[in-house]
Amino acid sequence: MSEEKTGVLAGFKAFLMRGNVIDLAVAVVIGAAFTNIVNSIVKGVINPLVGALGTKDLDHYSSCFKAPCTGDSGIQILWGGVLSALLSFLVTAAVVYFLMVLPMAKYLARRAQQQGVKETMEVSELEVLKEIRDALVSQRGGPGTGPGTGAGPGTGPGAGPGSGPGVEF
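Residues numbered from 1 in each chain as written. Predicted model: local features only at pLDDT ≥ 70, side-chain atom pairs only at ≥ 80, totals over all residues. Heavy atoms only, no water.

Student: Can you walk me through a nonpolar patch on the surface in this structure?
Tutor: Together, Phe12, Phe15, Leu16, Met17, Ile22, Val26 and Ile30 make up a nonpolar patch on the protein surface, roughly 670 Å² of accessible area in all. When residues of the nonpolar patch are traced back to their parent elements, those giving at least two are helix H1 (3-17) and helix H2 (19-51). For the nonpolar patch, the element with the highest residue contribution is H1, accounting for four residues. The residue Val26 is located in helix H2 in this model. On the accessibility criterion, Val26 (49% relative accessible area) is partly exposed. (Patch = residues over 30% accessible without salt bridge, like charges linked within 9 Å, V, L, I, M, F, W, Y side chains within 5 Å. Areas by Shrake-Rupley, 256 points an atom, 1.4 Å probe, with all protein chains shown as cover. Salt bridge = Lys/Arg side-chain N within 4 Å of Asp/Glu carboxyl O. Helix = DSSP H or I, 4+ residues; strand = E, 2+ residues; numbered from the N terminus. Buried < 20%, exposed > 50% of the residue type's maximum accessible area, 1.4 Å probe, protein only.)

Student: Sorry if this is basic, but what is going on with the pattern of salt bridges here?
Tutor: Close approach of charged atoms allows side chains with opposite charge to pair. On inspection of all chains with the given rule, the structure shows one salt bridge. Across the pair Arg133 and Asp134 runs a salt bridge, and its minimum N-O distance is 3.1 Å. With relative accessibility at 48%, the residue Arg133 sits in the partly exposed group.

Student: Looking at this structure, how should I read the confidence of the model for the protein chain?
Tutor: Confidence in the prediction of the protein chain, expressed as mean pLDDT, is 75, and 75% of residues score 70 or more. Overall, residues 146-164 carries pLDDT values under 50, and its contacts beyond four positions in sequence, including any with other chains, amount to 17 contacts. (pLDDT = per-residue confidence, 0-100. Contact = heavy atoms within 4.5 Å.)

Student: Help me understand the side chain of Ser84 in this model?
Tutor: By the element assignment, Ser84 lies in helix H3 (residues 79-140). Here Ser84 falls in the buried class, since its relative accessible area comes to 4%. The residues touching Ser84, leaving out its near neighbours within four places in the chain, are Val42, Asn47, Leu58 and Asp59.

Here's what the structure looks like:
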């Protein structure tokens, strides 16, 4: 196989193995199955209950825009079907929100809070270590300075206690 085909196949494999593509494929399959369940609930339970307020099933409600609406004459508006579709959408949205989105948001918030505490602890430990390092460097008088900085015997400022500027503890 040529090098170009290998590169294309490797790129395609990397594309398929990304989490986004697999998650999307699973979501489409689950969504299709879930849509059938919701449509069955709306058509079998909700539409007849809403239709019980009137005289017939919700899908059969319509109005005549241009009279008379018999056979092929007139313009019939099937607003019962639109209402049924709207109810299907609302039921689907409610189930997705309350059973999937809300629990996932709570889980992610809890996880972010736990990671935030961990990062704060790591940052605070790092800051303490930096302060210790800075105190030691200033106590020595800084890196690369000559004699008389308090790093050893000398006659310059900082050679002894109270003989010059230094760090007091």
